[in-house]
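Single-letter residue listing:
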Amino acid sequence: QVQLVESGGGLVQAGGSLRLSCVASEGTFSSYTMGWFRQAPGKIREFVAAITKSGDIPYYANSVKGRFTISRDNVESTVYLQMDSLKPEDTAVYFCAADSSDKLVALSLYGMNYWGKGTLVTVSS
């Protein structure tokens, strides 16, 4: 079973950038679709971005499209989320996730099987 550990969260001013990383272990990284979700205080978890097993197709929530970039390194077993032009409404705990399914849309709607513990991103206005 894959284990996921996120890093890179922190406090940043609006308009700034952060890069989140998620390292996977105990599994074959390239056999998993990878994604990022977030949960703001008092709100339900929401999809942010996902990327196919080979890394050739990203998929984004409309709220982050054009500002966030998901990528992966299958040699380093790491998935990244580059977050630019951050807004206060991006403040949330960000979770890395993995699933063996290839269905990006379904995964974005229903979540994934494996989750990290999350990293907090705070964007000040």
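Residues numbered from 1 in each chain as written. Predicted model: local features only at pLDDT ≥ 70, side-chain atom pairs only at ≥ 80, totals over all residues. Heavy atoms only, no water.

1. Overview of the pattern of salt bridges
Oppositely charged side chains may form a pair once their charged atoms are brought near each other. So the rule is basically this: Whenever a carboxyl oxygen of Asp or Glu lies within 4 Å of a side-chain nitrogen of Lys or Arg, that contact is scored as a salt bridge. Every helix listed is a DSSP run of H or I at least four residues long, and every strand listed is a run of E at least two residues long, numbered separately from the N terminus.
Counted according to the given criterion, the structure contains 4 salt bridges. Measuring nitrogen to oxygen at the nearest pair gives 3.1 Å for the salt bridge that ties aspartate 102 to lysine 53. Taken together, the residues span a long stretch of sequence, with aspartate 102 in the loop between strand E9 (92–99) and helix H1 (104–110) and lysine 53 in the loop between strand E5 (46–51) and strand E6 (58–60) at a distance of 49 residues. We note a salt bridge from aspartate 90 to arginine 67, for which the minimum N-O separation is 2.7 Å. You can see aspartate 90 sitting in the loop between strand E8 (78–83) and E9 and its partner arginine 67 sitting in the loop between E6 and strand E7 (68–73), a full 23 residues away along the chain. Three or more residues joined by partner-sharing salt bridges are found here, namely Arg38, Glu46, Arg67 and Asp90.

2. Some thoughts on the nonpolar core
Selection rule: Buried residues of nine kinds, namely Ala, Val, Leu, Ile, Met, Phe, Trp, Tyr and Cys, make up a nonpolar core once their side-chain atoms join them within 4.5 Å. Whether a residue is buried, partly exposed or exposed follows from its accessible area with a 1.4 Å probe, protein chains only, as a fraction of its type maximum: under 20%, in between, or over 50%, in that order.
Core analysis: the biggest nonpolar cluster contains 37 residues, and Met34, Trp36, Val79, Leu81, Met83 and Tyr94 have the highest contact counts within it. Looking at this core, the elements that each hand over two or more residues are strand E3 (18–25), strand E4 (33–39), E5, E7, E8, E9, H1 and strand E11 (119–124).

3. Some thoughts on the sheet that holds E7
Counted only if it meets this: Each pair of strands is called paired provided DSSP finds at least two bridges between the two strands. Simply put, an axis is a line fit to the C-alpha atoms, just over the touching stretch for a helix, and the angle between two N-to-C directions goes from 0 to 180 degrees.
Taken in spatial order, the 4 strands of this open sheet run E1-E3-E8-E7, and their pairing is antiparallel. This sheet does not close on itself; its edge strands, each paired only once, are strand E1 (3–7) and E7. Within this sheet the neighbouring strands show an average axis-to-axis angle of 15°, counted without direction. For E3 and E8, the ladder comprises 6 bridges, and the chain directions are antiparallel. Looking at the pairing, valine 23 lines up with threonine 78 of E8.

4. As for the pairing of E8
Sheet faces and side chains relate simply in a regular strand, where the side chains alternate between the two faces. In terms of burial, E8 is largely enclosed, as 5 of its 6 residues are buried. Pairing analysis gives 6 bridges linking E7 to E8, with the strands arranged antiparallel. Bridge pairing in E8 links aspartate 73 to threonine 78.

5. Points about the state of the cysteines
Our working definition: Two cysteine sulfurs form a disulfide in these notes if their separation is within 2.5 Å.
Throughout the structure, instances matching the rule amount to 1 disulfide. Disulfide pairing places cysteine 22 opposite cysteine 96 at an S-S distance of 2.1 Å. Between cysteine 22 and cysteine 96, the S-S torsion sits near -80°, and that sign places the bridge as left-handed. With cysteine 22 in strand E3 and cysteine 96 in strand E9, the pair connects residues that are 74 residues apart, well separated along the chain. The exposure class of cysteine 96 is buried, given its relative accessible area of 0%.

Nothing here speaks to function; it is all geometry.
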